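Here's the letter readout for the chains.
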Amino acid sequence: MPNTIVVGLQWGDEGKAKILDDLVQEAKQANDKKIWVVRFQGGPNAGHTNYILMPDGRLVKFVSHAAPIGVTSNSEIGIGPNVAFDPEKFIKEVEEARKLFGYNAGIHISERTGILFDYHRKLDAWQESLRTGNLKIGTTVSGIGPFYMDNANRATRITFAEYVSDNFHDTLAKVLEQKSHELVAARIPGLVTGKYLDTLIATHDPIRKELKECACELEYILREALEKGENIILEGAQGSMLDIDMGTKPTQTSSHLLATDPLAGLGLPRSAFRIYGVEKLYPTRVGEGVMPTLAEDNFGIETQKNAGEVGASTGRDRRVGYPDWVIIKYTAMLNDIDGIYLTRVDNVQDRDIKVCTAYEVNGKRTERVPSKLETATPIYSDKIYSWHLWDGPADLSKPEEVDKALHDKRADYVKEGSGSLPKSLKEYIIDHENYIKKPIIGMSIGPARGEIVKL
Ligand code: IMP
């Protein structure tokens, strides 16, 4: 089945971009029909990183925050109604993709999608500065919270249809007026003199002109694509434990990001999709918030450094934890997933890996995730896993620099398949499947396109 939804099973940064790109490549091989990559929630708080091997042999890093990862593979791209759409970032990324990969396919933005403006970012920074103690979120300061507040407030949400319409200047002026209390409190410069409005208009007018043609009724367009048997890939951002309802309050993001959410927003049936969860072998968290298996020992410190675990949107170090299968079992259930892609398997080779298979909560053992995750103490299984994939550099934080040395070793595993994997890794996969009750269908052993062992 070519139609897929891809979501993260942890706290984001699981490596979804690489899996999404791999699914695009699979679809290309399966048929010659159009491929759609549609972003369905979140905004520029996401940092989707892809490494693409260029025709001249260079490995190029491409990070997208606002544009779906389909821009690296010349796919049709779509922006759904629940996205916090940042036109400034989007246009820059599309431009870069045109230069790097010759991107020239269709861009389809739902008329219903809301626009994220500079004042959302400024309000985000201001709100975060007011938070103290355990109310601090550690946001990416991309404007996400204030954007979704406007969404819920309805009257101050500016949709893409309004953004590209001739009345935009008037609409924006009215919205700024409606929001003047908070904008003044946040001390946005030039607000009172009207200079701020002029600056926004000057920034957005050329972008509006360029994107006008992209406005569409995305739900009808995707339904037609589905009926024609084209390939639809829905791109999730962040991770399930950051969901506005199911994540850890208050350190979650502001959007609904579980796999069944886009189906409602885009009018698509569950039965037409496979849902894949992406799990990084070890969880990471960036910003504030609890992670029960946080590894403050060598495992955490070395993995953070050697795997280059640094936020793609903010440059902050990501905190690393031991594998937490209780979380995975939970998010696999919430997302109704059909299969799991395991990523970053190469980044932990030669380390001793323990796995959390239960929590102690209020003195009792449980395999459930409590709504107050702070109350959970991890219980690890007795088994320690450790695998050796190849001799080579331990520091994999700059993939571009080690690609030449490791390319062939990675390619061998991909060619020879799961049978060639080290014994302890095979056991890890079997124990994982027995615990989660969902199959691992692919395992990423390198950052570049194609470096995935299919199981
Ligand atoms: P916000 O989404 O910028 O409001 O940030 C809220 C929380 O979610 C913070 O802890 C962020 O670090 C985290 N977060 C948001 N987006 C991502 C992401 O794409 N990857 C990882 N963490 C994220």
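This write-up is about the structure you can find in this document. (Residues numbered from 1 in each chain as written. Predicted model: local features only at pLDDT ≥ 70, side-chain atom pairs only at ≥ 80, totals over all residues. Heavy atoms only, no water.)

### Side note on the site of the ligand
In step 1: Within the structure, the ligand sits among 15 residues, and Asp13, Asn45, Thr140, Thr253 and Val286 are positioned closest to it.
In step 2: The side chain of Gln238 places a nitrogen or oxygen atom 3.3 Å from a nitrogen atom of the ligand.
In step 3: In this structure, an oxygen atom belonging to the ligand sits 2.9 Å away from a main-chain N or O atom of Val286. (Near = heavy atom within 4 Å. Polar contact = N/O pair within 3.5 Å; in protein donor to acceptor, adjacent residues only side chain to side chain.)

### Focus: the side chain of Glu230
In step 1: Looking at the secondary structure, you find Glu230 in the loop between helix 9 (218-227) and strand 10 (231-235).
In step 2: Setting aside anything within four residues of it in sequence, one finds Glu230 in contact with Asn3, Lys33, Lys34, Trp36 and Ala225. (Helix = DSSP H or I, 4+ residues; strand = E, 2+ residues; numbered from the N terminus. Contact = heavy atoms within 4.5 Å.)

### Describing the packing of aromatic side chains
In step 1: As enumerated under the stated definition, the model contains 17 aromatic pairs in all.
In step 2: Between Phe117 and Phe168, the ring centres sit 6.2 Å apart and the planes meet at 20°, which makes this aromatic pair stacked. Taken together, the positions of Phe117 in the loop between strand 8 (114-115) and helix 3 (118-130) and Phe168 in helix 6 (residues 168-178) put the pair 51 residues apart, joining distant regions of the chain. Each member of the pair, Phe117 as well as Phe168, is classed as buried.
In step 3: Judged by centre distance (5.9 Å) and plane angle (45°), the ring pair of Trp325 and Tyr435 falls under tilted. Of this pair, Trp325 sits in helix 12 (residues 325-334) while Tyr435 sits in helix 14 (residues 423-436), and the two are 110 residues apart along the sequence.
In step 4: We classify Trp325 as buried; its relative accessible area is 2%.
In step 5: Following the ring pairs from residue to residue traces out a cluster consisting of Phe85, Phe90, Phe117, Tyr119, Phe160, Tyr163 and Phe168.
In step 6: The ring centre of Tyr322 lies 4.8 Å from the NZ or CZ of Lys354, which sits over that ring.
In step 7: Stacked on the ring of Tyr380, the Lys or Arg Lys354 has its end atom at 4.2 Å from the ring centre. (Phe/Tyr/Trp six-rings, centres within 6.5 Å; stacked < 30°, edge-to-face > 60°. Buried < 20%, exposed > 50% of the residue type's maximum accessible area, 1.4 Å probe, protein only. Lys NZ or Arg CZ within 6 Å of the ring centre and 35° of its normal.)

### Considerations on the nonpolar core
In step 1: If you look at the biggest cluster of nonpolar residues, it comprises 70 residues, and the most contacted ones within it are Ile5, Leu234, Leu281, Tyr359, Trp387 and Tyr428.
In step 2: If you tally residues by element for this core, the top one is helix 12, at seven residues.
In step 3: Setting aside its immediate chain neighbours within four residues, Leu281 contacts Pro323, Leu342, Thr343, Arg344, Val345, Val348, Ile353, Trp387 and Tyr428.
In step 4: In this structure, Val71, Ala97, Leu176 and Leu197 belong to the second largest nonpolar core, which totals 43 residues. (Core = buried A, V, L, I, M, F, W, Y, C linked by side-chain atoms within 4.5 Å.)

### Looking at helix 4 (residues 144-153)
In step 1: Among all positions in helix 4, only Ile144, Pro146, Phe147, Tyr148, Asp150 and Asn151 are buried.
In step 2: Looking at the buried side of helix 4, the elements it contacts are strand 6 (84-85), strand 8 and helix 3.
In step 3: At the exit of helix 4 stands Arg154, carrying a positive phi of roughly 65°.

### Things to note about the pattern of salt bridges
In step 1: A full pass over the atoms with the stated rule returns 28 salt bridges.
In step 2: Note that Arg112 is salt-bridged to Glu219, the shortest N-O span being 3.4 Å. In this pair, Arg112 is assigned in the loop between strand 7 (107-110) and strand 8 and Glu219 in helix 9, connecting sequence segments 107 residues apart.
In step 3: Residues joined by salt bridges that share partners form a network here, namely Asp13, Lys280, Glu309, Arg318 and Arg344. (Salt bridge = Lys/Arg side-chain N within 4 Å of Asp/Glu carboxyl O.)

### A word on unusual backbone geometry
In step 1: Here the residue pair Lys249 and Pro250 is connected by a cis peptide bond, since its omega of 0° sits within 30 degrees of zero.
In step 2: Considering the arrangement of structural elements, one finds Pro250 in the loop between strand 10 and helix 10 (261-266).
In step 3: Positive phi values are uncommon outside glycine, yet Asn74 reaches one of about 55°.
In step 4: Relative to the elements of secondary structure, Asn74 occurs in the loop between strand 4 (59-64) and strand 5 (76-79).

### Looking at the pairing of strand 3 (residues 48-53)
In step 1: Of the strand pairs in this sheet, strand 3 and strand 4 are connected by six bridges, and their pairing is antiparallel. Of the residues in strand 4, the one forming a bridge with Thr49 is Val63. (Pairing = 2+ DSSP bridges.)

### Some words on the layout of surface pockets
In step 1: Here the second largest pocket is characterised by a volume of approximately 410 Å³.
In step 2: As for the second largest pocket, its lining consists of 23 residues, of which Thr248, Lys249, Pro250, Ser371 and Glu374 are closest to the centre.
In step 3: Residues that form the lining of the second largest pocket fall into these classes: nine nonpolar, eight polar and six charged. (1 Å grid on protein atoms, 1.4 Å probe; cavity = no way out; pocket = protein on both sides within 12 Å on 5 of 7 lines; lining within 4 Å. Points joined across faces, edges and corners; volume = space filled by probe spheres on them. Nonpolar A, V, L, I, M, F, W, Y, C, P; charged D, E, K, R; others polar.)

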